[in-house]
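Each chain, letter by letter, is given below.
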Amino acid sequence: MNPPLPRAYWCHADVDGTASHPLPVPADLLTTAPGPAVTWIRESVRWLTPRLDRDAFHRAWAWLGDHRGAEAAVQTLRRGQPYAYELGTHAARWRWTAYPVSVLPPPHRYLPNEHPVRSHA
């Protein structure tokens, strides 16, 4: 029986909407622990806050201040469920998601780095 594949967490951000000055979407992240996945979401939201309208700014900071909610997000990922945070603004809807995924281990863990030397004599 093969051992289960190790778990990782893929973090992704999407934005829907048309803004006159579109903001860059944060780069995806693949991490091996749920804590860094939630931290990536929180840092991405924090990066966006200075560019938000007043209402969205206050909603984002209320969510960032909810440390129990952040710990609940980590627990959700540990249970193997995705976690998402959405923030609507006057121009767009942002969505940050962390997905538990199975990953293949690096090939060097199971395969030799070099092929053995063979003699054909």
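Please read these numbers as outputs of a predicted model, since none were measured by experiment.

Asks: Would you take a moment to explain the overall build of the protein chain for this structure?
Replies: Each helix and strand in the protein chain was counted, giving three helices and four strands. What you see in the protein chain, going N to C, is helices and strands ordered as β-β-α-α-α-β-β. In the protein chain, buried positions account for 30% of the 121 residues. Within the protein chain, contacts between residues separated by at least 24 positions form 61% of all contacts whose residues are at least 6 apart in sequence. For the protein chain, the exposed area adds up to about 8500 Å²; of that, 57% sits on carbon and sulfur atoms.

Asks: Explain the packing of helix α1 (residues 34-48) against helix α2 (residues 54-64) to me, please; I cannot follow it from the model alone.
Replies: Helix packing for two helices is described by the angle between their axes and how far apart those axes are. Relative orientation of the contacting elements α1 and α2 amounts to 150°, with a least axis distance of 10 Å. As far as their axial angle goes, α2 and α1 are roughly antiparallel. Considering the relative orientation of α1 and α2, their crossing is left-handed. Two secondary-structure elements touch here, α1 through Ile41, Arg42, Val45 and Arg46 and α2 through Ala60, Trp61, Trp63 and Leu64. Tallied by class, residues from the contact of α1 with α2 come to six nonpolar, no polar and two charged.

Asks: Looking at this model, I keep getting lost on the pattern of salt bridges. Mind explaining?
Replies: Pairs can form between side chains of opposite charge whenever their charged atoms are close. Counted by the stated rule, this structure contains four salt bridges. For Glu43, the salt bridge goes to Arg46, with nearest N and O atoms at 2.6 Å. In this pair, Glu43 and Arg46 are both assigned in helix α1, three residues apart and thus about one turn of the helix distant. Glu43 gets classed as partly exposed once you look at its relative accessible area, which sits at 43%.

Asks: It is not clear to me how the confidence of the model for the protein chain should be interpreted in this structure. Could you clarify?
Replies: Segments scoring low in pLDDT should not have their predicted coordinates read at a detailed level. Looking at the protein chain as a whole, its pLDDT mean stands at 84, while 79% of the residues score no less than 70. Per-residue pLDDT stays below 50 along residues 108-121; that stretch engages in two contacts with residues further than four places along the chain or on separate chains.

Asks: Where do I start with the packing of α1 against helix α3 (residues 67-78) in this structure?
Replies: One way to put it is that α1 packs onto α3 with a least axis distance of 9 Å and a crossing angle of 130°. Considering their axes alone, α1 and α3 lie oblique with respect to each other. The crossing of α1 and α3 is right-handed. Residues Pro34, Gly35, Ala37, Val38 and Arg42 of α1 form the contact with α3, whose own contacting residues are His67, Ala70, Ala73, Val74, Leu77 and Arg78. When grouped by side-chain class, the residues that make up the contact of α1 with α3 number seven nonpolar, two polar and two charged.

What counts as what
- Residues numbered from 1 in each chain as written.
- Predicted model: local features only at pLDDT ≥ 70, side-chain atom pairs only at ≥ 80, totals over all residues.
- Heavy atoms only, no water.
- Helix = DSSP H or I, 4+ residues; strand = E, 2+ residues; numbered from the N terminus.
- Buried < 20%, exposed > 50% of the residue type's maximum accessible area, 1.4 Å probe, protein only.
- Contact = heavy atoms within 4.5 Å.
- Areas by Shrake-Rupley, 256 points an atom, 1.4 Å probe, with all protein chains shown as cover.
- Axes fitted to C-alpha atoms, helices over the stretch in contact; angles between N-to-C directions.
- Parallel < 35°, antiparallel > 145°, perpendicular 65-115°, else oblique.
- Left-handed = near helix turned anticlockwise from the far one by under 90°.
- Nonpolar A, V, L, I, M, F, W, Y, C, P; charged D, E, K, R; others polar.
- Salt bridge = Lys/Arg side-chain N within 4 Å of Asp/Glu carboxyl O.
- pLDDT = per-residue confidence, 0-100.

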